[in-house]
Structure formats: C-alpha cells, structure tokens
Amino acid sequence: MNNDISTSFLKFKEIMPTKDRFWADPFVVYKDQKHHIFFEEFLNYQNKGHLSVMTVDNNGNYTKPVKILERDYHLSYPSIFEFQNEWYLIHGTIHNSKSYVELFKCDNFPFQWKYDRKLIIDIPLVDTTMFFYNKKWWMFACKAENNGTSRSEELMLFYSDDPLSANWIPHPLNPIVSDIRNARPAGKIFEMNNKIIRPAQNCFQVYGNGLSFNEIIKLNENEYEEKCLEFFKPDWKSGLIGFHTFNYEKGCTVIDARIKRSRLN
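Residues numbered from 1 in each chain as written. Predicted model: local features only at pLDDT ≥ 70, side-chain atom pairs only at ≥ 80, totals over all residues. Heavy atoms only, no water.

Colleague: When you look at the sheet that holds strand E16 (residues 211-219) in this model, what are you seeing that I'm missing?
Modeller: Hydrogen bonds between backbone atoms are what pair the strands of a sheet, whose relative direction is either parallel or antiparallel. Strand order in the open sheet made by the four strands is E14-E15-E16-E17, with antiparallel pairing throughout. Among the strands making up the open sheet, the edge pair consists of strand E14 (190-192) and strand E17 (224-232). Sheet twist, expressed as the average angle between the axes of neighbouring strands with direction ignored, equals 40°. Relative to E17, E16 is paired through eight bridges, and the arrangement is antiparallel. Within the sheet, the bridge partner assigned to Glu215 lies in E17 and is Lys227. (Pairing = 2+ DSSP bridges. Helix = DSSP H or I, 4+ residues; strand = E, 2+ residues; numbered from the N terminus. Axes fitted to C-alpha atoms, helices over the stretch in contact; angles between N-to-C directions.)

Right, here's the structure in full:
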C-alpha cells in the first residue's frame, strides 16, 4: 500500500522549462537509487515534440534534460515498462505516416533507446499504457471512433501473454470507456490503498481540463469494470489552465501543468 502518493499539488516542487518550449507527459522510473523522469519536450520553433529525460536525486536536485528519442514526426507520452530485466518504451502515435504502436528498447539506461518493432498495426492509438495483471499484459489506449471525431472519448483495451508480441487481442467490450471526462489514459496504472488505480484525462470542453482516478474493479478477457473515485482540477494555483498526466514511482509523484505566460517565437 503506497501511502506516500501525494495529490497535494500545491506542495509540489516546480520545474519550469525555458519559454521556447514546453514539457508534458512525465513518467518516472526509479533505478540506481535515482528517479528518472521521461517526458515530451516540445520546441516551439520546430512545432514538434521529442522525448527527453532528467534525473532527480533524493534531495530534489535535478539534471538538465537530455534528448533520448526523436523522429521526423511528433513524439509524446513515453510509457515505459520493464520485461525480463530489459526496459522498453511505447509510443503509440497517430503522427507517423502509418498508424501503429511503436516499441523501443533501451540499450543504455536512461539515455540510449533504439527502435525494436511494431506491436499493433493500422489502429491509430494515442497515449498507449501497459499494465501487467493476472499473468497477462494489458494495453490501454484511446482512439477516435470515426475519422474526425475526438481521440479522447473511446478507451480501447487489448491483451497478450507477451508484451513483445504482435498478437494483441481486442477486448470484447471495446470501447471499455466512452466518456471524454475519463477515457484517455493519464499515466501508469498503479496501486493505492489496496486499489488498482487508472489515472485518466478529463478532456471535457478543453484538452487537459484535469484528470480522474478510476478504480479498476474487474479486468479479465471477458469483463472490464471501473468506477471513478475522484476528479482533480487545475485549481491549486492562480494562472493554471490545465494538467493531464499523473505518475508515481517509489516516493516520487510527478504531474504536468499548463500555466499562462508569454511565449517566445
């Protein structure tokens, strides 16, 4: 039971990028007695994001971001998982020319990653999130129901015995959630107070309107059930206009937040 997961966002330490860029979608991994925060780094002049990492020690000191992955299209939401003592990163993107879920493998943690394989082909998924439960791997991701509709309203679920397999079986209840307020994944699924929590983005009215904690009650090859436990709004500080990612790992909780400020060209 992780009692040190914090939602007292006003007490969080702010790490602010320079005005020529923004950071989003932070994921945290604890390794070698340090927390490594992976995130999207979007450069205004390129109008495109790549993935970067910074390291935070136990005193809150952090390193300068280092670029770890860049493609000729936009990258975001670095969903990272460990399998057979190897680290992998998934970026299910709709920004490449052909929609598929890309898998990257780490050669030298945390800086060196290389393309490994495609997992799901011809399904435009966003914010793909892996979860291991009851001896199976589960892949949560959102997709638009039809061309031109919202990518934040329909949550899809797939499962496989092997996370590196191309054989992912769609859940028979897909879409398992049809609600723009809590469908789109907002970070890694975690355990809190003996409950399995799936954080989700609230995209009602505006993207990044906040997020929710949803308890997964049933998860198997035939059933899926969850209930919303709590909504969080970006209201803990003046000037905030949104946040949409929540991640926790061994004493470190990270979120992103949008704030009003001038922008450099």
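Colleague: Would you explain the packing of aromatic side chains in this entry?
Modeller: Centre-to-centre distance and the angle between the planes together describe a pair of aromatic rings. Tallied over the entire structure, the rule returns 24 aromatic pairs. Aromatic pair Phe104 and Tyr115: ring centres 5.9 Å apart, planes at 75°, arrangement edge-to-face. A residue pair is termed long-range when its members are at least 10 positions apart, and Phe104 in strand E7 (residues 100-108) and Tyr115 in strand E8 (residues 112-121) qualify at eleven residues. Here Phe104 falls in the buried class, since its relative accessible area comes to 0%. You can call Tyr115 partly exposed: its relative accessible area is 34%. (Phe/Tyr/Trp six-rings, centres within 6.5 Å; stacked < 30°, edge-to-face > 60°. Buried < 20%, exposed > 50% of the residue type's maximum accessible area, 1.4 Å probe, protein only.)

Keep in mind these numbers describe shape, not what the thing actually does.
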